[in-house]
Amino acid sequence: MVQKMPMKRASVLGSLLNSCKIRGQFKIAEEVVKYIQETGSVVGATYVTCSNIYADAMLWEDVYRVRKDMQISGEEKIPGEFH
């Protein structure tokens with residue numbers, strides 16, 4: 001559905017990722033992040049939200065991996081930034 005939308009998808013994907021966080025759906029969140037990475041629309045907020053989803057699920061190795069990926073990519077979370 002998201003792929004077929006004619007509008008800019010980054011904000012829609014960010015909203016979907018945040019919905020996954022609220023609902024605790026980290027498996028779906030992984031797919032959303034994978035798609036965000038494929039489309040090249042990753043921002044610092046993407047990494048932070050994904051990391052927080054893993055932290056909520058107490059998946060600490062995944063938290064570390066996502067934070068490391070963020071560091072390697074050079075992305076930073078800008079205060080007030082939302083997808």
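Draft legend 1. Examining the packing of aromatic side chains more closely. Applying the stated rule across the entire model yields one aromatic pair. With 6.4 Å between their ring centres and 55° between their planes, F26 and Y54 make a pair best called tilted. Highlighted residues: F26 in helix α2 (residues 26–39) and Y54 in helix α3 (residues 44–56), separated in sequence by 28 residues. Under the relative-accessibility criterion, F26 is labelled partly exposed at 25%. Look at Y54 and you get buried, because its relative accessible area is 4%.

Draft legend 2. Representation of the environment of C20 within the structure. With respect to the secondary-structure elements, C20 resides in helix α1 (residues 10–23). Judged by its relative accessible area of 4%, C20 falls in the buried class. Once the C-alpha coordinates of C20 and E30 are considered, the two residues, ten residues apart in sequence, prove to be 9.4 Å apart.

Draft legend 3. Quick look at the nonpolar core. One finds L17 and I36 to be the most contacted residues of the largest nonpolar core, which totals 17 residues. Listing elements by their share of this core, those giving two or more residues are α1, α2, α3 and α4 (60–73). Not counting residues within four places of it along the chain, the set of residues in contact with I36 comprises L13, L17, S41, V42 and T46.

Draft legend 4. Region of the structure containing the pattern of salt bridges. By the definition in use, this model includes three salt bridges. With a shortest N-O distance of 3.0 Å, D56 and K21 are connected by a salt bridge. Of this pair, D56 sits in helix α3 while K21 is found in helix α1, placing the two residues 35 residues apart along the sequence. Assessed through its relative accessible area of 52%, D56 is described here as exposed. Among the residues examined, K21 registers a relative accessible area of 31% and is labelled partly exposed. Two residues, D69 and R65, come together in a salt bridge whose shortest N-O distance is 3.9 Å.

The rules behind the values
Residues numbered from 1 in each chain as written. Predicted model: local features only at pLDDT ≥ 70, side-chain atom pairs only at ≥ 80, totals over all residues. Heavy atoms only, no water. Phe/Tyr/Trp six-rings, centres within 6.5 Å; stacked < 30°, edge-to-face > 60°. Helix = DSSP H or I, 4+ residues; strand = E, 2+ residues; numbered from the N terminus. Buried < 20%, exposed > 50% of the residue type's maximum accessible area, 1.4 Å probe, protein only. Core = buried A, V, L, I, M, F, W, Y, C linked by side-chain atoms within 4.5 Å. Contact = heavy atoms within 4.5 Å. Salt bridge = Lys/Arg side-chain N within 4 Å of Asp/Glu carboxyl O.

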